[in-house]
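Here are the chains, one letter per residue:
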There are 2 protein chains.
Amino acid sequence: MNKKILEEGNSIEIQFDKRGGLVPVIVQDVDSMEIVMQGWCNKLALETTLELGKATFWSTSRNELWTKGMTSGDYLEIVEILTDCDQDSLLYKVKMVGSGACHTKNASGTARKSCFYRKIENDQLKNMDK
Amino acid sequence: MNKKILEEGNSIEIQFDKRGGLVPVIVQDVDSMEIVMQGWCNKLALETTLELGKATFWSTSRNELWTKGMTSGDYLEIVEILTDCDQDSLLYKVKMVGSGACHTKNASGTARKSCFYRKIENDQLKNMDK
């Protein structure tokens with residue numbers, strides 16, 4: 001792929017093959033601008049996301065297509081999909097419907113909004129639950 | 001790895017092996033909350049980031065350690081490093097020093113701040129340069 005076309009062109013050329021079929025997907029809540037999760041996407045998952053308008057991933061643990069919220073109702077509604085300069089990464093900007101994006105729960109038993117609830121501090125992870 | 005320890009523990013157990021040695025790193029500007037790039041990190045790159053306080057990656061194209069800004073001076077100063085529930089993704093929250101995080105330039109010849117300058121629209125990429 002010509003670098004100029006890849007970086008400056010308007011043709012969608014997501015480099016799935018370069019990354020073994022899967023590219024990382026960053027999911028950002030458009031309201032708070034918070035990163036709520038990071039998933040993976042293959043060609044089918046991207047096509048399904050565009051078709052449904054709901055964030056869809058390829059689950060690397062279950063090895064299957066996964067539209068987040070399909071069972072729980074907690075969809076991530078797509079507002080915009082961005083790609084990066086060399087088209088090997090995706091950014092889903094979403095409106096969050098229902099409760100958190102994370103499958104884990106805080107000490108109060110509430111679903112965490114974001115999977116990124118711990119930070120590295122003094123060689124340990126520090127929980128930042130509010 | 002016990003799931004409870006991985007998800008709720010305070011021990012740093014980044015799952016490099018699960019992802020072939022490399023986990024995705026999301027880079028977010030703490031001031032604008034904008035996603036400026038997505039890189040890759042192995043154990044050495046994370047250790048170097050923690051040591052220098054500057055965003056460091058494993059370059060998958062050059063296959064070498066890469067501290068962003070080491071040649072250009074455009075460092076990404078680390079404010080916080082977060083990891084996700086299953087510790088196979090990293091989020092560098094950074095202060096941007098110098099010009100943009102992207103190696104590409106807009107039509108005016110200015111380095112783009114973020115690598116995510118195009119969005120998917122009507123089966124094409126639309127440039128969002130300001």
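Definitions and cut-offs
Residues numbered from 1 in each chain as written. Chains lettered and ligands numbered in written order. Predicted model: local features only at pLDDT ≥ 70, side-chain atom pairs only at ≥ 80, totals over all residues. Heavy atoms only, no water. Helix = DSSP H or I, 4+ residues; strand = E, 2+ residues; numbered from the N terminus. Buried < 20%, exposed > 50% of the residue type's maximum accessible area, 1.4 Å probe, protein only. Core = buried A, V, L, I, M, F, W, Y, C linked by side-chain atoms within 4.5 Å. Contact = heavy atoms within 4.5 Å. Pairing = 2+ DSSP bridges. Axes fitted to C-alpha atoms, helices over the stretch in contact; angles between N-to-C directions. UniProt positions renumbered as here; feature names shortened; annotations may be inferred. Arc of directions from axis to C-beta. Phe/Tyr/Trp six-rings, centres within 6.5 Å; stacked < 30°, edge-to-face > 60°. Lys NZ or Arg CZ within 6 Å of the ring centre and 35° of its normal. Buried area = accessible area lost by both parts, 1.4 Å probe. Salt bridge = Lys/Arg side-chain N within 4 Å of Asp/Glu carboxyl O. Polar contact = N/O pair within 3.5 Å; in protein donor to acceptor, adjacent residues only side chain to side chain.

Inspection of the secondary structure assignment puts Gln 15 of chain B in the loop between helix H1 (3-8) and strand S1 (23-29). When its relative accessible area of 18% is taken as the criterion, Gln 15 of chain B is described as buried.

Before going further, it helps to examine the nonpolar core. Judged by nonpolar contacts, the single largest core of 58 residues is most densely connected at Val 27, Leu 46 and Tyr 92 of chain A together with Val 27, Leu 46 and Tyr 92 of chain B. Filtering out sequence-adjacent residues up to four positions away, Val 27 of chain A remains in contact with Glu 34, Ile 35, Val 36, Met 37, Phe 57, Leu 76, Tyr 92 and Val 94 of chain A.

Pairing within the open sheet is mixed, and its 6 strands lie in the order S2(A)-S1(A)-S6(A)-S5(A)-S7(B)-S8(B). Each of the sheet's edge strands pairs with one partner strand only, and the pair in question is strand S2 (35-41) of chain A together with strand S8 (124-127) of chain B. The mean angle between the axes of side-by-side strands here comes to 35°, regardless of whether they run parallel or antiparallel.

With that settled, consider the UniProt feature "domain: Phosphoribosyl-AMP cyclohydrolase" (unreviewed entry) in chain A. The UniProt entry lists residues 37-117 of chain A under the feature "domain: Phosphoribosyl-AMP cyclohydrolase" (unreviewed entry), expressed in the numbering used here. Along residues 37-117 of chain A one finds 12% helix and 35% strand; the C-alpha atoms at either end are 10 Å apart.

Our focus in this paragraph is helix H2 (residues 43-52) of chain B. When H2 of chain B is considered as a whole, its buried residues turn out to be Ala 45, Leu 46, Thr 48 and Thr 49 of chain B. Viewed end-on, H2 of chain B has its buried residues packed into an arc of 165°, placing them on one side of the element. Across H2 of chain B from its buried face, at more than 90 degrees, point the exposed residues Lys 43 and Glu 51 of chain B. Buried residues along H2 of chain B sit in contact with strand S7 (118-121) of chain A together with strand S2 (35-41), strand S3 (56-59), strand S4 (64-67), strand S5 (76-83) and strand S6 (90-96) of chain B. Among the residues trailing H2 of chain B, Gly 53 of chain B stands out with phi positive, at a value near 70°.

On any regular strand, side chains alternate: one points to one face of the sheet, the next to the other face. Note that strand S3 (residues 56-59) of chain A and strand S4 (residues 64-67) of chain A share 4 bridges and pair antiparallel. Residue pairing in the sheet places Thr 56 of chain A in a bridge with Thr 67 of chain A of S4 of chain A.

Before going further, it helps to spend a moment on the packing of aromatic side chains. The description of two aromatic rings rests on the distance between their centres and on the angle between their planes. Residue and element names in this part refer to chain A. In the structure shown here, the tally under the stated rule is 5 aromatic pairs over all chains. Judged by centre distance (5.3 Å) and plane angle (40°), the rings of Phe 57 and Trp 66 are tilted. Residue Phe 57 is classed as buried on the basis of its relative accessible area of 0%. When the centroid spacing of 5.6 Å and the interplanar angle of 40° are considered together, the rings of Phe 57 and Tyr 92 count as tilted. Taken together, the positions of Phe 57 in strand S3 and Tyr 92 in strand S6 (residues 90-96) put the pair 35 residues apart, joining distant regions of the chain. Here Tyr 92 falls in the buried class, since its relative accessible area comes to 0%. An aromatic cluster is built from Phe 57, Trp 66 and Tyr 92, whose rings are joined through pairwise contacts. Its end group placed over the ring of Tyr 75, Lys 54 keeps NZ or CZ at 4.7 Å from the ring centre.

A word on the interface of chain B and chain A. Facing 48 residues of chain B, the contacting portion of chain A comprises 48 residues. Summed over both sides, the interface of chain B with chain A buries roughly 4000 Å², with 59% coming from carbon and sulfur. Of all residues in chain B, Phe 116, Arg 118 and Ile 120 of chain B give up the largest surface area on contact with chain A, accounting jointly for 17% of the area buried on that side. Counting the contacts that link chain B with chain A gives 4 salt bridges. Between Glu 8 of chain B and Arg 112 of chain A there is a salt bridge whose closest N-O contact spans 2.9 Å. Linking chain B with chain A are 32 residue pairs in polar contact (both at pLDDT 80 or more). Where the side of chain B that touches chain A is concerned, the elements lending two or more residues are H1, S1, S2, H2, S5, S6, strand S7 (118-121) and S8 of chain B.

It is worth spelling out the pattern of salt bridges at this point. Residues and elements named next belong to chain A. Enumeration according to the criterion identifies 28 salt bridges over all chains in this entry. In this structure, Asp 129 engages Arg 112 in a salt bridge whose closest nitrogen and oxygen atoms are separated by 2.9 Å. A residue pair is termed long-range when its members are at least 10 positions apart, and Asp 129 in the segment after strand S8 (124-127) and Arg 112 in the loop between S6 and S7 qualify at 17 residues. The exposure class of Asp 129 is partly exposed, given its relative accessible area of 31%. Note that Lys 126 and Glu 121 form a salt bridge whose closest N and O atoms lie 3.9 Å from each other. Judged by relative accessible area, Lys 126 falls into the partly exposed class, the value being 41%. Using a relative accessible area of 32% as the deciding quantity, one classes Glu 121 as partly exposed. If you follow the salt bridges from partner to partner, you end up with Lys 18, Arg 19, Asp 86 and Asp 88 in one network.

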